[in-house]
Amino acid sequence: MVLTLNAPFETLGIQLNWDAISTVLLDMDGTLLDLHFDNYFWLQHLPLRYAQKNNLTTEEAFQHLEPRMRKHQGQLNWYCVDFWSAELDLDVAALKREVDHKIAFRPNVIPFLREVRNQQKRCVIVTNAHQASIAIKIEKTALHEHVDRIISAHDIRAPKEDQQFWVQLQQQEPFNEASTLLIDDSLPVLRSAQRYGIAHLLTIRQPDSQQPGYEQQEFPALGCFAEITPA
């Protein structure tokens, strides 16, 4: 189906009028990139290496790690490579590189980014990922070449779940809430952006290609970026 820019895009419950959008804010992990890498790293590879270092079984290692990680969930430390390297006495960035072959784009991301920029929309990645994690993803994907800017929550010193993130983001990267689209796989992040006033919000139906997708009624969910790529 050919999309005309002066009409809303409607598919699977999504209504998106590209004429009404001037800025596109995009999450990285689970949105542009397959979340399988991150899930595999934190749930399998890191516990394995932690077990080897501490003479534990992988099950014991996971039992040690899970409550420590849950304690920081939704906070900046949760996403911080330096924090977990110090906390676990492991080089987390080096361990990520051991499995970086699993880093991959989600379907139709590059054509989507290309067309968004062709339409003269400002295209910015806003991610909770630590700078070291971003660097690894860039090495494997050259993601930075397809967007105007990448901004980490660690630069702003607040996670996207926190209203302060959006306050500081708007100072660093001015945007009009009414004409801004945010696509993110995290419902807490989308709720935070909604509270701040961002008008156009989409989530991802299947962030991890190796896990089942999920349905929710709170925000329209993309299955594939081809669904909303502007013509």
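Details of the structure are given in the entry above.
So, here is what we can say about the structure in this document. Keep in mind it's a predicted model, so treat the numbers as computed, not measured.

Comments concerning helix H6 (residues 131-141)
Residues spaced three or four apart along an α-helix point in a common direction, a consequence of the helix completing one turn every 3.6 residues.
Argument step 1. Every buried residue of H6 is listed here: Ser 133, Ile 134, Ile 136, Lys 137 and Thr 141. Looking straight down H6, one finds its buried side chains confined to an arc of 160°; they lie on one side.
Argument step 2. Against the buried residues of H6 lie helix H1 (36-54), helix H3 (81-88), helix H4 (92-98), strand S4 (122-127) and strand S5 (149-152).
Argument step 3. Within two residues after H6, Ala 142 carries a phi angle of roughly 55°, on the positive side.

Focus: the sheet that holds S4
Argument step 1. Judged by pairing direction, the sheet is parallel, and its six strands sit side by side in the order S5-S4-S3-S6-S7-S8 without closing on themselves. At either end of the open sheet lies a strand with only one pairing partner, and these are S5 and strand S8 (221-222).
Argument step 2. Direction of pairing for strand S3 (residues 23-26) relative to S4: parallel, over a ladder of four bridges. By the bridge assignment for S4, Leu 26 is matched with Ile 125.
Argument step 3. Its contacts with the sheet put helix H8 (residues 163-172) on S3, S4, S5 and strand S6 (180-183), and the angle it makes with S5 is roughly 145°.

Cut-offs and rules
Residues numbered from 1 in each chain as written. Predicted model: local features only at pLDDT ≥ 70, side-chain atom pairs only at ≥ 80, totals over all residues. Heavy atoms only, no water. Buried < 20%, exposed > 50% of the residue type's maximum accessible area, 1.4 Å probe, protein only. Helix = DSSP H or I, 4+ residues; strand = E, 2+ residues; numbered from the N terminus. Arc of directions from axis to C-beta. Contact = heavy atoms within 4.5 Å. Pairing = 2+ DSSP bridges. Axes fitted to C-alpha atoms, helices over the stretch in contact; angles between N-to-C directions.

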